[in-house]
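Listed here are the chains, written in short residue letters.
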Amino acid sequence: MRIIDLRGKRLTRAEMLAAMPRAEMGTKEATDLVRPILDDVRDRGAAALRDFEEKFDHVRPEHLRVPAEAMKQALDELDPEVRAAIEESVHRSRAVSASQVPQDFHTDLAPGARVAERWIPIQRVGLYVPGGKAVYPSSVIMNVVPAQTAGVESLAIATPPSKATADGLPDKTILATCAILGVDEVYAVGGAQAIAMFAYGAKGSEPQDGEILCEPVDKITGPGNIFVATAKSMVSGIVGIDAVAGPTEIAIIADKDANPSWVAADLIGQAEHDELAGSVLITDCEDLAQQVQASLDQRVPRTEHAERVATSLTGRQSGIILTDNLDQSIDVANAYAAEHLEIQTADPDAVVPRIKNAGAIFRGPYSPVPLGDYMSGSNHVLPTSGTARFASGLGVHTFMKPVEVIEYDEEGLKALAARINTFAVSEDLPAHGESVLSRFIADPYDKATIKQQEEQAGLR
């Protein structure tokens, strides 16, 4: 791993942000490729979806919408140990999600003057579950459970068809997980074409599709590759999205007391995802950095996806950042704003409150990132590429929207009418004031007598 030595340097905020290791993303190229996919799916619906699945996933699904009996069969055939692990993950996720549900409230400002806030579930959501280098039944759980807890009425899942199945259906573990969660609207569609289907809806092209294959959704969530992320960005004016996700990443704040073998194993675990995955060690101990590097040299060749891991760890998005002290390490972590931030220091509880920017914080050596990936109860759909500086991970709140309810009666509005008119006139929007005054005076358009009318009506 490359070394980024910040010792003895006093960087400005801009310099610190620029020093952070990041992957290069070919966003313009992706945009040029994604635009015709979006347009074709919008125009041709299911026919275009089948064409793109054949082109990109090398499978032409007979059933774009997965039949209910296929999900039941997948659940019946699921390995009991895998099912137990999935059900434990669901149980813990539901427990945490239940605690996240925001509460309605109201504020009484004066007699007859109340402002309330309601949290309303989004009506229909499209959840994307990636395929590619791995299958992610865990992402089904991370998307579905908070959406269900929020009270979303209609959930649809899209996930790529599996090349390993002759029938062109998605991975059976993913289908079984959908069945466990009670989701019955699942599509064998991946990539940018899945995002187009969710955004625009898709008409059927074959008898098994029906007249309408998929109705459009109100919001799309879930991670994916650069083409999925680009497609989400491009349709974000039509539907809501959770985020435009980049490659996954981990940062580890470690001091001299950290176990170098554990640090190395955690860096490898994140690098396994993708050649563009970022693995970053932030430490004020050069000896630890050398020990971690030595452990990586021993461990990488022995892990199953050694080539992928090595490419990730040696890429520009990964590195070991050397700092003067723990304070600077914390500053670096806040600038990097990692998707996953592990804290492996002598006193992690002193560090956690000082972290301002992270998708999720993993406190101490026994809270590694894979715990959060599968079974901690937290959500693993998190902001990437430094967006944790202003964004948060997926949760119940993602699938709800706060809506204010303004409840004023005659007395409440009357007490403010004249002031509202004054404010509106100062902004050169007199019709706003006239709208309010119409409820209390005879002629709000007679500007010469406005104040007299207001006094007669008891507005002043």
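Computed from a prediction, not measured in an experiment: that's the story for all the values here.

1. Comments concerning the overall build of the chain
Tallying secondary structure elements over the chain gives 19 helices and 16 strands in all. By its C-alpha atoms, the chain is 90 × 70 × 40 Å across when sized along the principal axes. If you sum the accessible surface of the chain, you get close to 21,800 Å²; carbon and sulfur atoms cover 51% of it. The averaged location of the 67 negative side-chain charges in the chain is 3 Å from the averaged location of its 43 positive side-chain charges.

2. Remarks on the side chain of K232
Positionally, K232 belongs in helix α9 (residues 226–234). The residues touching K232, leaving out its near neighbours within four places in the chain, are I195, I220, T221, G222, I241, D242 and A243.

3. A short note on the UniProt feature "binding site: substrate" (unreviewed entry) in the chain
UniProt's entry tags T248, Q270, H273, H340, D373, E427 and H432 with the feature "binding site: substrate" (unreviewed entry), counted in the numbering of this structure. Taken together, the annotated residues stretch across 185 residues and extend over separate regions, lying up to 55.8 Å apart by C-alpha. Positionally, T248 belongs in the loop between β10 (240–241) and β11 (249–254). Exposure remark for T248: the relative accessible area of 16% places this residue in the buried category. When residues no more than four places from it in sequence are discounted, the contact partners of T248 are Q270, H273, A277, G278, E339 and H340. There is a polar contact of 2.6 Å between the side chain of T248 and the side chain of Q270. Take E427: it is sitting in the loop between α17 (417–426) and α18 (430–437).

4. Let's talk about the pattern of salt bridges
Per the stated rule, a full pass over the model turns up 24 salt bridges. Across the pair D108 and R114 runs a salt bridge whose closest N-O atoms are separated by 2.7 Å. Owing to a relative accessible area of 28%, R114 belongs among the partly exposed residues under this scheme. Across the pair K447 and E434 runs a salt bridge whose closest N-O atoms are separated by 2.6 Å. Of this pair, K447 sits in the loop between α18 and α19 (450–456) while E434 sits in helix α18; the two residues are 13 residues apart in sequence, bridging distant segments of the chain. Relative accessible area serves as the criterion here: at 8%, E434 is assigned to the buried category. Among the ionic contacts, a cluster of salt bridges with common partners joins D40, R44, D51, E54 and R60.

5. Concerning the UniProt feature "binding site: NAD(+)" (unreviewed entry) in the chain
According to UniProt, the positions carrying the feature "binding site: NAD(+)" (unreviewed entry) are Y128, Q193 and N225. Taken along the chain, the residues just named run across 98 residues; in space they keep tight, none of their C-alpha pairs more than 12.5 Å apart. The residue Y128 is located in strand β4 (residues 124–128) in this model. By relative accessible area, Y128 is classed as buried at 3%. There is a polar contact of 2.8 Å between the side chain of Y128 and the backbone nitrogen of G191. Mapped onto the fold, N225 is located in the loop between β9 (219–221) and α9. Of note is the side chain of N225, whose polar atom sits 3.0 Å from the backbone nitrogen of F227.

6. Re the sheet that holds strand β1 (residues 3–5)
To summarise the sheet geometry, strands pair through backbone hydrogen bonds and adopt either a parallel or an antiparallel arrangement. The strand order β1-β13-β12-β11-β14-β15 describes an open sheet built from six strands, whose pairing is parallel. Since the sheet does not close on itself, it has two edges, and those belong to β1 and β15 (360–363), each with one partner. Each strand axis lies, on average, 20 degrees off the axis of its neighbour in the sheet, ignoring direction. Pairing geometry for strand β14 (residues 340–344) and β15, over four bridges, is parallel. Pairing of I343 across the sheet is with R363, part of β15.

7. Quick word on the layout of surface pockets
Roughly 200 Å³ of volume is contained in the second largest pocket. Here the lining of the second largest pocket gets four residues from one element, more than from any other, and that element is helix α5 (residues 80–100). Per-class residue counts for the lining of the second largest pocket are five nonpolar, eleven polar and no charged. Residue-level mapping places the lining of the second largest pocket at the junction of two domains, with at least three residues from each of domain 1 (3–25 + 246–377) and domain 2 (27–244 + 397–402).

8. Brief notes about the sheet that holds β9
Spatially, the five strands line up as an open sheet ordered β6-β5-β4-β9-β10, and their pairing is parallel. Every other strand in the sheet has two partners, leaving β6 (186–188) and β10 as the edge strands with one partner each. With respect to the sheet, helix α6 (residues 137–150) is in contact with β4, β5 (154–159) and β9, its orientation differing from that of β5 by roughly 170 degrees.

9. Examining the environment of T159
For T159, the position within the fold is in strand β5. With 94 residues separating them along the chain, T159 and I253 place their C-alpha atoms 35 Å apart. The residues contacting T159, other than those within four sequence positions of it, are V129, P130, P170, I174, Y187, A188, V189 and G190.

10. Topic: the packing of α17 against α18
For the pair α17 and α18, the least separation of the axes is 7 Å and the interaxial angle reads 165 degrees. Relative to α18, the element α17 is oriented roughly antiparallel. Where α17 crosses over α18, the handedness of that crossing is left-handed. Residues A417, I420, N421 and A424 of α17 form the contact with α18, whose own contacting residues are P430, H432, G433, E434, V436 and L437. Residue classes in the contact of α17 with α18 are distributed as six nonpolar, three polar and one charged.

Cut-offs and rules
Residues numbered from 1 in each chain as written. Predicted model: local features only at pLDDT ≥ 70, side-chain atom pairs only at ≥ 80, totals over all residues. Heavy atoms only, no water. Helix = DSSP H or I, 4+ residues; strand = E, 2+ residues; numbered from the N terminus. Areas by Shrake-Rupley, 256 points an atom, 1.4 Å probe, with all protein chains shown as cover. Lys, Arg positive; Asp, Glu negative; His and termini not counted. Charge placed at Lys NZ, Arg CZ, Asp CG, Glu CD. Contact = heavy atoms within 4.5 Å. UniProt positions renumbered as here; feature names shortened; annotations may be inferred. Buried < 20%, exposed > 50% of the residue type's maximum accessible area, 1.4 Å probe, protein only. Polar contact = N/O pair within 3.5 Å; in protein donor to acceptor, adjacent residues only side chain to side chain. Salt bridge = Lys/Arg side-chain N within 4 Å of Asp/Glu carboxyl O. Pairing = 2+ DSSP bridges. Axes fitted to C-alpha atoms, helices over the stretch in contact; angles between N-to-C directions. 1 Å grid on protein atoms, 1.4 Å probe; cavity = no way out; pocket = protein on both sides within 12 Å on 5 of 7 lines; lining within 4 Å. Points joined across faces, edges and corners; volume = space filled by probe spheres on them. Nonpolar A, V, L, I, M, F, W, Y, C, P; charged D, E, K, R; others polar. Domains from an automatic or database assignment. Parallel < 35°, antiparallel > 145°, perpendicular 65-115°, else oblique. Left-handed = near helix turned anticlockwise from the far one by under 90°.

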